[in-house]
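Secondary and tertiary structure notes
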Amino acid sequence: MPAHPVQPGRTADRLKDRPTWLISQAYAHSAALLAAGFEAKGNGLRGYHYRLLAALEQWGPASQADLGRDTGIDRSDVTAALAELESRGLIERRVNPDHKRRNIVTITPQGFDVLLDLDAMIDEVQEAVLAPLTAAQRRQFVNLMSRLFVVT
């Protein structure tokens with residue numbers, strides 16, 4: 001039997017103010033909210049589908065390999081995710097005329113509409129994650145987090 005009663009959610013003093021602990025807790029909270037958002041309003045799509053659609057919308061048609069590199073999604077997972085997006089009419093894949101073994105992927109108008117719907121859901125999640133902060137604190141938080149994770 002434990003020497004003290006178990007209290008779920010309690011954090012040891014030597015952890016509670018450490019940035020790594022706080023970041024991991026914030027990640028767990030935000031990931032749970034995002035997963036719930038996709039479950040409720042994603043129509044069966046997930047975050048990796050969103051990343052692929054967003055990349056195609058921003059940067060235009062791309063090879064599957066480039067999409068994997070640009071989004072940080074493993075090549076085999078990109079193939080499976082694109083097959084699902086294609087079956088829903090959200091993207092088109094065509095053989096690259098210059099490299100017959102490569103596909104060029106393009107977002108469809110329906111894919112763009114779905115991307116906008118997902119944007120709205122993700123905006124709601126961002127609002128929930130940052131709800132305890134003022135507008136100025138939100139800007140500061142995003143600025144500081146961007147410094148910790150520099151995207152090149």
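It should be noted that the structure appears before, not after, this text.
So, here is what we can say about the structure in this document. Values in this document were obtained by computation on a predicted structure and should not be read as measured data.

**Regarding unusual backbone geometry**
Located in the positive-phi region is Asn43, a residue other than glycine, with phi close to 55°. Judged by relative accessible area, which is 66%, Asn43 ranks as exposed.

**So, a nonpolar patch on the surface**
On the surface, Ile23, Phe141, Val142, Met145, Leu148 and Phe149 cluster together into a nonpolar patch covering about 590 Å² of accessible area. When residues in the nonpolar patch are grouped by element, the largest group, 4 residues, is from helix H7 (residues 135–148). One can find Leu148 in helix H7. Judged by its relative accessible area of 61%, Leu148 falls in the exposed class.

**Considering the nonpolar core**
Among the nonpolar cores identified, the biggest contains 24 residues, and Leu52, Leu53, Leu67, Leu82, Leu85 and Leu118 are the most heavily contacted of them. Contributing elements (two or more residues each) for this core: helix H3 (47–59), helix H5 (75–87), strand E3 (103–107) and helix H6 (109–130). Here this core gets 6 residues from one element, more than from any other, and that element is H6. Leu67 has contacts with Leu52, Ala55, Leu56, Ala62, Leu82 and Val105, leaving out every residue within four places of it along the chain.

About the thresholds
- Residues numbered from 1 in each chain as written.
- Predicted model: local features only at pLDDT ≥ 70, side-chain atom pairs only at ≥ 80, totals over all residues.
- Heavy atoms only, no water.
- Buried < 20%, exposed > 50% of the residue type's maximum accessible area, 1.4 Å probe, protein only.
- Patch = residues over 30% accessible without salt bridge, like charges linked within 9 Å, V, L, I, M, F, W, Y side chains within 5 Å.
- Areas by Shrake-Rupley, 256 points an atom, 1.4 Å probe, with all protein chains shown as cover.
- Salt bridge = Lys/Arg side-chain N within 4 Å of Asp/Glu carboxyl O.
- Helix = DSSP H or I, 4+ residues; strand = E, 2+ residues; numbered from the N terminus.
- Core = buried A, V, L, I, M, F, W, Y, C linked by side-chain atoms within 4.5 Å.
- Contact = heavy atoms within 4.5 Å.

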